[in-house]
Amino acid sequence: MSLREALEAGRFAVTSEVGPPKGIDVSAMMASAELLRGRVDALNVTDNQAAVMRLSTIAACVHLKQAGFEPVLQVTGRDRNRLAIQSDLLGAASLGITTVLALTGDHVVVGDHREAKAVFDLESVQILKVIADLNAGHDMTGHDLIGTPEFYPGAVVTPGSVPLEPQIAKFEKKIAAGARYFQTQAVFDIEAFAHFMSGARESGAKVLAGVVVLRSARMAHFMNKNIPGIAVPDGIIATLERSENPQQTGIEIAARFIDECKEVCDGVHIMAVGAEHLVPQILDAAGLTEVIA
Amino acid sequence: MIVVRLKPLAEICPMVAHHHRVLVVGCNTCAAVSLAGGEKEVETLVAALSLASSAKHETAQFEGDVVQRQCEPEFLEDLDASGYDAILSMGCGAGVAFIAENCQLPVYPALDTMFIGVSKGFGSWQAECSACGSCVLGETAGICPITRCAKGIMNGPCGGVQDGVCELGDRDCAWVLIHDRLAAQGRDKACSIGDPKDNAAKTLCPEWDMNKGHGESR
Ligand code: SF4
Ligand code: SF4
């Protein structure tokens with residue numbers, strides 16, 4: 001069952017992500033994917049994440065697909081103009097990679113090639129529109145395609161963005177532009193998230209809540225300070241501080257949150273950031289014990 | 001106005017060090033208002049370069065002159081560069097280029113041209129326009145997304161915004177400003193999707209001749 005089929009059938013879906021290496025040895029990437037085999041519906045493959053140059057996303061997607069995983073091709077507007085974006089999307093579809101996630105992309109100046117020319121010819125919303133065009137059998141200027149792809153386009157949303165209103169306006173634009181599913185930035189406060197979802201539900205788009213496994217209070221403080229739209233509540237930080245085994249506590253917090261999400265949204269997107277080995281335990285503890293084929 | 005700023009002396013000196021007699025030319029319009037290329041700044045740079053040159057026992061001589069606008073032919077007629085072997089322009093890039101086009105000498109830039117902007121108070125300026133050739137300010141509440149958004153995107157804010165500050169941390173997020181101003185004016189444009197930018201408008205407009213009109217020069 002593909003991610004699309006799972007979401008459309010109303011089954012609670014699980015996605016996670018892997019990052020292509022800087023270099024051509026994909027064994028570490030494949031090893032972290034292996035830790036998630038049978039436990040996730042699909043794996044996002046990042047696109048020069050954080051503007052750090054890495055192996056091509058499409059190539060990494062092909063490696064994963066050949067190994068039996070469903071890759072989610074992340075497409076950003078940072079490094080490619082509208083010709084390259086369309087051409088790469090067609091290339092991906094020709095290789096059977098059709099689950100895609102449109103992003104604007106981090107600015108080049110935060111990465112490891114800070115003097116590069118930042119492209120941003122299109123951003124997330126426009127990339128979604130381009131995907132809709134391609135799905136309709138023509139490019140963005142209206143020229144017919146030979147062979148029509150069938151992309152399943154998704155996007156991201158940050159329910160904890162401050163201020164929230166422009167974020168919601170953008171969320172609505174993404175839906176209007178054709179996003180069928182969303183993965184959210186990491187959320188921790190289920191009540192606030194449920195409030196966001198009560199509005200989001202009406203749109204009909206599927207939402208996978210972002211889950212980050214906290215491994216220490218320090219990690220929580222770091223994320224609060226440095227990652228836009230993330231707010232780990234004081235209560236969780238205090239629990240981690242008091243804990244004798246913060247990693248275990250972090251696993252329990254993540255598992256409880258995932259369990260609570262079952263009532264609130266359509267799935268979870270787990271950002272393991274190096275803790276892929278903990279994901280199976282977390283899913284077990286959240287009651288998601290079935291093997292995903 | 002065009003906002004400019006003086007290059008570091010360490011960058012200017014090597015450009016002109018091998019010349020014998022250099023004319024430093026100020027520009028009394030934007031560069032003067034930018035406090036970077038007016039009469040006073042020309043005087044200061046001439047003094048600094050002369051000092052640097054004699055400290056290194058070099059023989060280069062520097063003298064100053066100021067024209068009203070380096071970007072217009074009639075003002076360049078006033079410029080007398082005879083006896084010099086190089087010009088150091090304290091105008092914007094257009095001024096440097098236009099002097100270079102109109103005299104036979106090597107011309108060097110003493111300034112970096114930063115942006116088209118406005119004065120925010122003494123000695124402080126804000127970028128407002130990147131001369132994109134097809135203005136969208138009507139849809140963005142007068143705040144330029146090409147210029148003031150670090151990514152120049154047409155549908156923001158991006159995921160990097162934090163408490164209204166851009167992910168680069170050096171500016172307010174243009175898209176939060178746009179959203180707020182549109183909302184304050186009761187305009188619902190914030191919810192309509194911005195089209196991809198027409199980049200051809202700029203590419204196809206290296207010159208503009210109003211006698212020929214839009215069709216011809218685009
Ligand atoms: S949209 Fe273009 S012309 Fe208008 S302010 Fe921005 S850069 Fe300048
Ligand atoms: S934070 Fe705002 S200004 Fe900065 S790049 Fe994103 S949308 Fe543009």
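## What to know about the domain arrangement of chain B
- Assigned domains within chain B: domain 1 (2-115) and domain 2 (130-192).
- Taken over C-alpha atoms, the centre of domain 1 of chain B sits 36 Å from the centre of domain 2 of chain B.

## Some details on the site of ligand 1
- In the neighbourhood of ligand 1, the contacting residues comprise Glu128, Cys129, Ser130, Ala131, Cys132, Cys135, Val136, Leu137, Cys144 and Thr147 of chain B.
- Of the residues in the shell around ligand 1, the class split is 7 nonpolar, 2 polar and 1 charged.

## Considering the domain arrangement of chain A
All names here are of chain A.
- As far as domains go, chain A holds domain 1 (10-157) and domain 2 (184-287).
- Computed over C-alpha atoms only, the centres of domain 1 and domain 2 are separated by 24 Å.
- Overall, the association of domain 1 and domain 2 removes approximately 1,500 Å² of surface from exposure, summing both partners, and the carbon and sulfur fraction of that is 62%.
- Three residues, Phe12, Arg39 and Val157, lead the burial of domain 1 against domain 2; their summed loss comes to 41% of the area buried on that side.
- Contributing elements (two or more residues each) for the side of domain 1 that touches domain 2: strand S1 (13-18) and strand S5 (152-157).
- Considering each element in turn, the side of domain 1 that touches domain 2 owes the most residues, 5 residues, to S1.
- Among the residues forming the side of domain 1 that touches domain 2, the class breakdown is 7 nonpolar, 4 polar and 3 charged.

## A few points about the site of ligand 2
- Near ligand 2, the surroundings consist of Cys149, Ala150, Lys151, Pro157, Cys158, Val161, Cys166, Glu167, Cys173, Ala174 and Trp175 of chain B.
- The residue inventory of the shell around ligand 2, partitioned by class, reads 9 nonpolar, no polar and 2 charged.

## Side note on the pattern of salt bridges
All names here are of chain A.
- Applying the stated criterion across every chain yields a total of 19 salt bridges over all chains.
- In this structure, Asp41 engages Arg11 in a salt bridge whose closest nitrogen and oxygen atoms are separated by 2.7 Å. With a gap of 30 residues between them, Asp41 in the loop between helix H2 (27-34) and strand S2 (42-45) and Arg11 in the loop between helix H1 (3-8) and S1 connect regions that are remote in the sequence.
- The exposure class of Asp41 is buried, given its relative accessible area of 5%.
- Among the salt bridges present, the one from Asp88 reaches Arg80, with a minimum N-O distance of 2.8 Å.
- Overall, Asp88 belongs to the partly exposed group, its relative accessible area being 29%.
- Residues participating in the shared-partner salt-bridge network are Arg4, Glu8 and Arg180.

## As for the side chain of Glu41 of chain B
Residue and element names in this part refer to chain B.
- Along the chain, Glu41 falls in helix H3 (residues 39-55).
- One buried charged residue, Glu41, forms no salt bridge at all, with the nearest opposite charge on Lys40 at 4.4 Å.
- With residues near it in sequence (within four places) discarded, Glu41 still touches Leu35, Ala36 and Met90.

Parameters at a glance
- Residues numbered from 1 in each chain as written.
- Chains lettered and ligands numbered in written order.
- Predicted model: local features only at pLDDT ≥ 70, side-chain atom pairs only at ≥ 80, totals over all residues.
- Heavy atoms only, no water.
- Domains from an automatic or database assignment.
- Near = heavy atom within 4 Å.
- Nonpolar A, V, L, I, M, F, W, Y, C, P; charged D, E, K, R; others polar.
- Buried area = accessible area lost by both parts, 1.4 Å probe.
- Helix = DSSP H or I, 4+ residues; strand = E, 2+ residues; numbered from the N terminus.
- Salt bridge = Lys/Arg side-chain N within 4 Å of Asp/Glu carboxyl O.
- Buried < 20%, exposed > 50% of the residue type's maximum accessible area, 1.4 Å probe, protein only.
- Lys, Arg positive; Asp, Glu negative; His and termini not counted.
- Contact = heavy atoms within 4.5 Å.

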